Amino acid sequence: SQKIEQNSEALNIQEGKTATLTCNYTNYSPAYLQWYRQDPGRGPVFLLLIRENEKEKRKERLKVTFDTTLKQSLFHITASQPADSATYLCAPSSAGNNRKLIWGLGTSLAVNP
Amino acid sequence: DAGVIQSPRHEVTEMGQEVTLRCKPISGHDYLFWYRQTMMRGLELLIYFNNNVPIDDSGMPEDRFSAKMPNASFSTLKIQPSEPRDSAVYFCASSSPESQETQYFGPGTRLLVL
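This structure is a prediction, so every number in the text was calculated from the model and none was measured.

So, how was this worked out
- Residues numbered from 1 in each chain as written.
- Chains lettered and ligands numbered in written order.
- Predicted model: local features only at pLDDT ≥ 70, side-chain atom pairs only at ≥ 80, totals over all residues.
- Heavy atoms only, no water.
- Helix = DSSP H or I, 4+ residues; strand = E, 2+ residues; numbered from the N terminus.
- Rg over C-alpha atoms; globule rule 2.2 N^0.38 Å.
- Buried < 20%, exposed > 50% of the residue type's maximum accessible area, 1.4 Å probe, protein only.
- Contact = heavy atoms within 4.5 Å.
- Areas by Shrake-Rupley, 256 points an atom, 1.4 Å probe, with all protein chains shown as cover.
- Lys, Arg positive; Asp, Glu negative; His and termini not counted.
- Charge placed at Lys NZ, Arg CZ, Asp CG, Glu CD.
- Disulfide = S-S within 2.5 Å.

### Considerations on the overall build of chain A
So, point 1. Helix and strand content of chain A: zero helices and eleven strands.
So, point 2. For chain A, the N- to C-terminal ordering of α and β elements is β-β-β-β-β-β-β-β-β-β-β.
So, point 3. Compactness check: chain A gives a C-alpha radius of gyration of 13 Å against a globular reference of 13 Å for 113 residues, within 12% of the reference.
So, point 4. Viewed in the frame of its principal axes, chain A has a C-alpha envelope of about 45 × 30 × 20 Å.
So, point 5. Expressed as a percentage of the 113 residues in chain A, the buried residues total 45%.
So, point 6. Residue pairs in contact within chain A that sit at least 24 positions apart in sequence constitute 54% of those at least 6 positions apart.
So, point 7. As displayed, chain A offers around 5,600 Å² of accessible surface, 46% of which is attributable to carbon and sulfur atoms.
So, point 8. Side-chain charges in chain A split into 14 positive and 10 negative, and the spacing between the mean points of these groups amounts to 5 Å.

### Quick word on the state of the cysteines
Where two cysteines share a covalent bond between their sulfur atoms, that bond is called a disulfide.
Residues and elements named next belong to chain B.
So, point 1. In the structure shown here, the tally under the stated rule is two disulfides over all chains.
So, point 2. The side chain of cysteine 23 participates in a disulfide bridge whose partner is cysteine 92; the two sulfur atoms lie 1.9 Å from each other. What sets the handedness of the cysteine 23 and cysteine 92 disulfide is the S-S torsion sign, and at about -65° it is left-handed. Here cysteine 23, found in strand β3 (residues 19-24), pairs with cysteine 92, found in strand β9 (residues 88-95); they are 69 residues apart in sequence, far enough to count as distant.
So, point 3. On the basis of relative accessible area, cysteine 92 is assigned to the buried category, the value being 0%.

The structure is reproduced here in structure tokens:
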């Protein structure tokens, strides 16, 4: 079955450093993969989408990579700020249905001032 | 432009009672999704609609759950009868024809069944 794994442990980093979050998927090849941010008590918010034929996508301080050989996506936040503290969710598209997303459990990021 | 609207924001009920959750998607969006989120299982897709028609309800846990979308601006998720294991945060999300993959989430309904 399709399986998504994200760093299960919370990530704590110092302000100004680069945060790197990992998303691994198994047993299928998604057509695209999305990253969302979720703050406590709120719904997820879309950040970036990367397609299977793209290696890298950037948006301001955010960068996403997509390695279809390793079946892995990396999400980077450069020059991190305390306001970046949140849970980050990886969501690849489902096999055979591009409208359905398979969600990881998320990685909690804390950026310390 | 208002985002996805959900009501109520919090619901506390007793086991066996009927619970109805409501969602208003973003105007012009043609897909609507209902999710359930728990710490242990994360976000689980329950059902989704396209142009008010249910497309995939394979995530609905059992017959106690039902969902309807009578028009493009309103959807309900009903649990009858509710059980303590239904306690979770329920999210509604919608997506547009122009940006098909991206989903816009509402604030969620936090349900507690005692």
